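Spelled out, the chains give:
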Amino acid sequence: MSKGRRLKRVEESLFGNSNKHADDHVVGQFISNARGFGFVSVEGMEDDIFIPEDYVHGAFHNDTVEVEILPVQSGKRKEGRIRNILVRGTTEIVGTYQAEKNFGFVIPDSDKFNSDIFIPIEFHGAAVTGDKVVVTITDYGDARKRQKPEGKVKEVIGNINDPGVDILSIVKNYDIPTEFPERVINQANRCPDTISEADMLGRMDLRDVTMVTIDGEDAKDLDDAVSLTVDEEGLYHLGVHIADVSNYVQEKSALDREALKRGTSVYLVDRVIPMLPHRLSNGICSLNHGEDRLALSCLMTIDKNGGVIDHEIAETVINVNERMSYTSVAKILEDEDPDEIAKYESLVPMFKDMAKLSSILRKKREKKGAIDFDFPETKIILDAEGNPIDIVPHERNTATKLIEDFMLAANQTVAEHFYFLQSPFVYRIHEQPDPEKISTLAAFVNSFGLHIKTRRDEGVKPKELQKLLKNIEGTKEEAVISRMTLRSMMQAKYSTECTGHFGLAFDYYCHFTSPIRRYPDLQIHRIIKDHLRGRMNEDKMLHYSEILDEVAKHSSETERRAEEAERETDKLKKAQYMENHVGEVYEGVVSGVTAWGLFVELENSCEGMVAAASMADDFYVYDEAQMKLVGERYHKEYVLGQKVRIKVVGADRISKTIDFRLVDEDYDPEDEDSYVYEEDYVPKARKLAGDKARKIRILSEKAKEDNDSTDLINEVVDELIKKAKKAKKAGAKTSKKKSVRSASVKGASSSKKSGKAGKDTKEKAKSTRKVYKVHKYKKSATSKAARSAQGKGRRKRK
């Protein structure tokens, strides 16, 4: 066989035969996995296609690819190989820069990208070792030739050791816009600070209606207010009043395009990235106490059973009587705090009526089968430099539930109203759970003596899952079964089709109540106003029909992006928090069981892994059907929801991981550990993350050393400048410049002898002379000095 034919046959074994029938080829989006393999998501296909590592062929995460489906498969999923990469989905990557003599590398932050990015020396920009950078990919490499991808540094985010750079790197990694374009800011600045008489024309005037906002103490963008009266017949007249953001954000304007691009506000552990500029969100669109504001109001009449017997949706003018906090309202309703009751005496009767109506609405939802996952939430407290100092519980109280109930009622009423108008609309939907996942859940709860009824034609009813959760309330299995139930559910999303909301047991539902922070709400407000003003003609209907599918799809994607970024920042700060608690012993609950070991969640919500290889008392085998680890010799079991004692043996903010080890009840924390497990027994993905973290940590230490060296030189120069000034005051006639220059050389020479400065301290002192007095941790200050020194070194080598 000729060499050419052999090469062709090898290529066909990898890439397939291009003459295969078109039915074997599909187009979809590639989803990368840290372990090298991946999946391709194809629209209309229920399950993703599995792509083995050998058949990925250089595809990057989010690439649009053509896949040949293989005739033989080893598992339940279809398997395939990538034939062609049609559209690159990733053009920029965030990572840590490593400078070499004549080139550089960037180690990607995301575990979706395993290969380092090669950076030619002419494209390193101002980056120095240890900088977090954004890289534009210029060449995706060649998997067949084992060529790494190449790129050029587009932006230096900051030094890896600078405060805030860790979070900002995650923000950049998810491509979340942080700065508003100038034209958007200019447009926002042109918005008025107050509303005019012209703005109020044709609107229902509700300024005499008593209403309040109820939010967290630190909230600044107040987009909803509530009012309530009870008539002689015992009917509740509930008003939910939402800021009329669409009055200031016109369709297709610069503000609108930017809001659509962002899709949602992003709430991270140390910052909020808003959908709209603060000028709007905290200003004219915020329902501030005592100020006239434009609103869209959903006015509902509700009977004693929680049924909405009448409603009106109107453009209104409102004036909020009081800005309340969840804490204050809870003190009035739960604690009956005399000081708080006296302070808001005139509003207390309304709050009590609100609590009654909230209870009625909640009971009605429960009767219909609504599922309420009441997982404990926590808040991470940071110091001024972004270091986590505490993790505190964030509990729901009567006030938070009250607002939830009223917003749900308004969202449901608005959705039903426009469904029956047969208008183009954006609904919030939650589809039926996947039958296979429900089957797995049913088998799992059977082991606890519980049962879930399912029907072949209708699947599972929400009431069945609600009944399951009620049966386990207060039991040791509650946390684990609740989590398993949640994992069996579909993800809620936006859609132009009204298919109902499974979790809430609503036939009609939308998002109407938060137009400051969610684009679908803003889009719905425009549709509502077009109906109210009689502008919903055929052209408008056609216009909305053409754009709403894309609005719903994009809004769902940006929502998921925001949630993932929020989770990543939480994981980062929790790992950083636990770095200060290595060696300590805690009690936790088994939250996950795999063949590799256990995941244990602590009371503070930090979750870590106990590697099976570290469980030295026996050899543990994974029972997939029962989701538990069983010891072969002593038959000891570890199952979901089980309470265990652990010792924190490691935590790493870079890989965002925490490692635990099981300890006995009589374990003494002072005892020295004698057992160390082999890393080969850790899951491959975790091992890869650990390897990458080690590389980045070395760069971090190198950057810190460079910064400390630069700081030393700056301190010497500053001290000498002080001495020169002192000498001048004493009447010294010597030239200040000459004195400082001479002293700088002498100080640099002394620094060199101590071994703390670089190879040529005199040159470094000269190159960093323009770096003014800075604090060691102030963002990018020391990085500038390092860049200056490295840059001069490179130019000399050339």
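Each value, and the rule that gives it
- Residues numbered from 1 in each chain as written.
- Predicted model: local features only at pLDDT ≥ 70, side-chain atom pairs only at ≥ 80, totals over all residues.
- Heavy atoms only, no water.
- Helix = DSSP H or I, 4+ residues; strand = E, 2+ residues; numbered from the N terminus.
- Buried < 20%, exposed > 50% of the residue type's maximum accessible area, 1.4 Å probe, protein only.
- Contact = heavy atoms within 4.5 Å.
- Patch = residues over 30% accessible without salt bridge, like charges linked within 9 Å, V, L, I, M, F, W, Y side chains within 5 Å.
- Areas by Shrake-Rupley, 256 points an atom, 1.4 Å probe, with all protein chains shown as cover.
- Salt bridge = Lys/Arg side-chain N within 4 Å of Asp/Glu carboxyl O.
- Lys, Arg positive; Asp, Glu negative; His and termini not counted.
- Charge placed at Lys NZ, Arg CZ, Asp CG, Glu CD.
- Phe/Tyr/Trp six-rings, centres within 6.5 Å; stacked < 30°, edge-to-face > 60°.
- Lys NZ or Arg CZ within 6 Å of the ring centre and 35° of its normal.
- Pairing = 2+ DSSP bridges.
- Axes fitted to C-alpha atoms, helices over the stretch in contact; angles between N-to-C directions.
- Parallel < 35°, antiparallel > 145°, perpendicular 65-115°, else oblique.
- Nonpolar A, V, L, I, M, F, W, Y, C, P; charged D, E, K, R; others polar.
- Polar contact = N/O pair within 3.5 Å; in protein donor to acceptor, adjacent residues only side chain to side chain.
- Expected span 1.5 Å × (residues − 1).

Here's the deal with the overall build of the protein chain
Here comes step 1: A count of helices and strands for the protein chain gives 19 helices and 31 strands.
Here comes step 2: Here the protein chain holds 798 residues, and the buried ones make up 48% of them.
Here comes step 3: Counted over contacts in the protein chain with a minimum sequence separation of 6, partners at least 24 positions apart contribute 67%.

Considerations on a negative patch on the surface
Here comes step 1: On the surface, E587, E603, D617, D664, E665 and D666 cluster together into a negatively charged patch.
Here comes step 2: The residue E587 is located in strand β24 (residues 585-594) in this model.

Regarding the packing of aromatic side chains
Here comes step 1: By the definition in use, this model includes 16 aromatic pairs.
Here comes step 2: Plain terms: the ring middles of F103 and F118 are 5.5 Å apart, the flat faces sit at 35° to each other, and that makes the pair tilted. Taken together, the residues F103 in strand β7 (residues 103-108) and F118 in strand β8 (residues 117-120) connect sequence positions 15 residues apart.
Here comes step 3: Looking at F103, the relative accessible area reads 29%, which means it is partly exposed.
Here comes step 4: Taking 5.2 Å as the distance between ring centres and 70° as the angle between the ring planes, the aromatic pair formed by F444 and F448 counts as edge-to-face.
Here comes step 5: Site record: aromatic cluster; members linked through ring pairs are F37, F39 and F50.
Here comes step 6: The ring of Y140 has R88 lying over it, and the distance from NZ or CZ to the ring centre is 4.0 Å.
Here comes step 7: Sitting over the ring of F123, K152 keeps its end group 6.0 Å from the ring centre.

Side note on the sheet that holds strand β30 (residues 643-652)
Here comes step 1: Strand order in the closed barrel made by the 5 strands is β24-β25-β26-β31-β30, with mixed pairing throughout. When the angles between neighbouring strand axes are averaged without regard to direction, this sheet yields 50°.
Here comes step 2: As judged from the 6 bridges shared by β24 and strand β25 (residues 597-602), these two strands associate in the antiparallel manner. Within the sheet, the bridge partner assigned to G588 lies in β25 and is L602.
Here comes step 3: Against the sheet, helix α15 (residues 538-579) touches β24, β25, β30 and β31 (657-662), its axis set at about 95° to β30.

Side note on the environment of L450
Here comes step 1: In this structure, L450 sits in the loop between α11 (435-446) and α12 (462-471).
Here comes step 2: Distance from L450 to I472, taken between C-alpha atoms, is 9.1 Å for residues 22 residues apart in sequence.
Here comes step 3: Beyond its immediate stretch of four places on either side in the chain, L450 contacts V445, L468, N471, I472 and I481.

Regarding the packing of helix α7 (residues 326-335) against helix α9 (residues 348-368)
Here comes step 1: Remark: α7 packs on α9, axes separated minimally by 10 Å, with the N-to-C direction vectors making an angle of 75°. Classified by the angle between their axes, α7 and α9 sit roughly perpendicular to one another. Across the interface between the two elements, V329, I332 and L333 from α7 touch V348, F351, K352 and A355 from α9.
Here comes step 2: Taken together, the residues of the contact of α7 with α9 break down into 6 nonpolar, no polar and 1 charged.

Topic: a nonpolar patch on the surface
Here comes step 1: Where nonpolar side chains cluster on the molecular surface, the patch consists of V27, L86 and V87 and spans about 260 Å² of accessible area.
Here comes step 2: Tracing the sequence through the fold places V87 in strand β5 (residues 80-87).

Quick word on the pattern of salt bridges
Here comes step 1: What the rule picks out here adds up to 37 salt bridges.
Here comes step 2: D244 serves as the salt-bridge partner of R203, at 2.5 Å between the closest nitrogen and oxygen. Here R203, found in the loop between α4 (197-200) and β11 (204-205), pairs with D244, found in the loop between β14 (236-243) and α5 (254-262); they are 41 residues apart in sequence, far enough to count as distant.
Here comes step 3: For D244, a relative accessible area of 1% corresponds to the buried category.
Here comes step 4: Put simply, D244 and K529 hold a salt bridge, and the shortest N to O gap is 3.0 Å. Of this pair, D244 sits in the loop between β14 and α5 while K529 sits in helix α14 (residues 519-532), and the two are 285 residues apart along the sequence.
Here comes step 5: Residue K529 is classed as buried on the basis of its relative accessible area, which comes to 5%.

Thoughts on the packing of α7 against helix α10 (residues 398-420)
When two helices pack together, their arrangement is given by the angle between the helix axes and by the axis-to-axis distance.
Here comes step 1: Two elements in contact, α7 and α10, have axes whose closest approach is 7 Å; the angle formed by their N-to-C orientations is 105°. Considering their axes alone, α7 and α10 lie roughly perpendicular with respect to each other. Side by side, α7 and α10 meet where Y326, V329, A330, L333 and E334 of the first sit next to T398, A399, T400, L402 and I403 of the second.
Here comes step 2: Grouping the constituent residues of the contact of α7 with α10 by class yields 7 nonpolar, 2 polar and 1 charged.

Some points on the pairing of strand β12 (residues 212-215)
Here comes step 1: Here β12 shows two buried faces, one formed by V212 and I214 and the other by T213 and D215.
Here comes step 2: Sheet topology note: the β12/strand β19 (residues 322-325) ladder contains 4 bridges and is parallel. By the bridge assignment for β19, T213 is matched with R323.

Brief notes about the side chain of T485
Here comes step 1: Mapped onto the elements, T485 comes out in helix α13 (residues 478-487).
Here comes step 2: On the basis of relative accessible area, T485 is assigned to the buried category, the value being 0%.
Here comes step 3: Among residues more than four places away in sequence, those in contact with T485 are F373, L441, L465, L468 and L469.

Here we look at the pairing of strand β13 (residues 224-230)
Here comes step 1: The buried count for β13 comes to 5 of 7 residues, which makes it a mostly enclosed element.
Here comes step 2: In this sheet, β14 lies alongside β13 in antiparallel orientation, the contact comprising 7 bridges. Considered in β14, the bridge of S227 is made with G239.
Here comes step 3: The turn joining β13 and β14, which pair antiparallel and follow one another in sequence, is formed by 5 residues; a positive phi near 85° is taken by G234.

So, the side chain of R428
Here comes step 1: Structurally, the position occupied by R428 is in strand β22 (residues 427-429).
Here comes step 2: Side chain to side chain, R428 and E559 meet in a polar contact 2.9 Å long.
Here comes step 3: Setting aside chain neighbours within four positions, we find R428 in contact with A492, K493, Y494, H501, Y509, C510, H511 and E559.

Observations concerning the environment of T558
Here comes step 1: Along the chain, T558 falls in helix α15.
Here comes step 2: If we ignore the near neighbours within four places in the chain, the residues touching T558 are K261, R262, G263 and T264.
Here comes step 3: Here the side chain of T558 touches S555 through a polar contact of 3.1 Å, landing on its backbone oxygen.

Topic: the sheet that holds strand β28 (residues 628-631)
Here comes step 1: Ordered by their spatial adjacency, 3 strands build an open sheet running β27-β28-β29, and the pairing between neighbours is antiparallel. The open sheet has two edge strands, β27 (620-623) and β29 (637-639), and neither has a second partner. Between one strand axis and the next, the sheet turns through 20° on average, direction left out of account.

Considerations on α14
Here comes step 1: Between its first and last C-alpha, α14 extends 20 Å over 14 residues, near the 20 Å set by a 1.5 Å rise per residue.
Here comes step 2: Across the 14 residues that make up α14, a large majority, 12, are buried.
Here comes step 3: Among the residues of α14, Y519, P520, D521, L522, Q523, I524, H525, R526, I527, I528, K529 and D530 are the ones counted as buried.

Remember, this is a structural readout, not a statement about activity or role.
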